[in-house]
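# Observations on the three-dimensional arrangement
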Amino acid sequence: MEEKKKLIHVCKMPIRWGDMDAYGHVNNTVYFRYMEQARVEWIEAMNILVRPGGAGPVIINASCTFLIPMSYPGRVEVRTFTGPPGRSSVQTYVEMSIEGDERLYAEGAAKVVWMDTQTGKSVPLPDHVRAMLEAE
């Protein structure tokens with residue numbers, strides 16, 4: 001996370017009993033679902049519907065580093081940051097903690113690209129998205 005990051009969204013959600021695996025902690029795949037939910041909430045907060053058809057955001061890669069195991073019960077807080085926007089994409093970064101605990105439990109990243117879903121080709125970021133990403 002070397003480049004300058006901008007906090008763009010905070011999302012809190014419950015850790016569900018079913019999120020845990022046989023080891024008694026949140027399964028590694030569920031962290032990606034937490035990041036997905038936070039990303040969808042951020043995108044929808046910009047008045048962009050996450051639906052098929054037309055142009056919209058897709059991710060081309062995703063990563064997560066698991067630092068401290070999470071377990072039920074609790075509420076995970078997902079903080080989403082962005083780097084500087086490119087022509088058609090923006091790098092996002094995520095920090096996850098447990099509500100009421102300042103420790104960092106996991107960190108992740110995903111590159112979001114605006115794509116024409118009919119052609120499968122990238123398109124420029126919408127003007128209002130770029131303005132939000134570039135605002136101080």
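Check the entry above for the structure.
Here we summarise the structure given alongside this text. (Residues numbered from 1 in each chain as written. Predicted model: local features only at pLDDT ≥ 70, side-chain atom pairs only at ≥ 80, totals over all residues. Heavy atoms only, no water.)

### Examining unusual backbone geometry
If a residue is not glycine, its phi is most likely negative; likewise, a peptide bond is most likely trans. That bond from Tyr-72 to Pro-73 is cis: its omega, -5°, falls within 30 degrees of zero. Located in the positive-phi region is Asn-47, a residue other than glycine, with phi close to 65°. Locating Asn-47 in the fold gives a position in the loop between α1 (28-45) and β2 (55-66). Taking relative accessible area as the criterion, Asn-47 reaches 73% and is therefore assigned exposed. (Helix = DSSP H or I, 4+ residues; strand = E, 2+ residues; numbered from the N terminus. Buried < 20%, exposed > 50% of the residue type's maximum accessible area, 1.4 Å probe, protein only.)

### Considering empty space enclosed by the protein
The gaps left among the atoms become clear once a water-sized probe is rolled over them. Under the defined criterion, the tally for this structure stands at one cavity of 30 Å³ or more. Reported here for the largest cavity is a volume of approximately 30 Å³. Around the largest cavity, the lining residues are Met-35, Arg-39, Thr-80, Thr-92 and Val-94. For the lining of the largest cavity, the secondary-structure elements that each account for two or more residues are α1 and β4 (89-98). Considered class by class, the residues forming the lining of the largest cavity number two nonpolar, two polar and one charged. (1 Å grid on protein atoms, 1.4 Å probe; cavity = no way out; pocket = protein on both sides within 12 Å on 5 of 7 lines; lining within 4 Å. Points joined across faces, edges and corners; volume = space filled by probe spheres on them. Nonpolar A, V, L, I, M, F, W, Y, C, P; charged D, E, K, R; others polar.)

In short, geometric facts, not functional conclusions.
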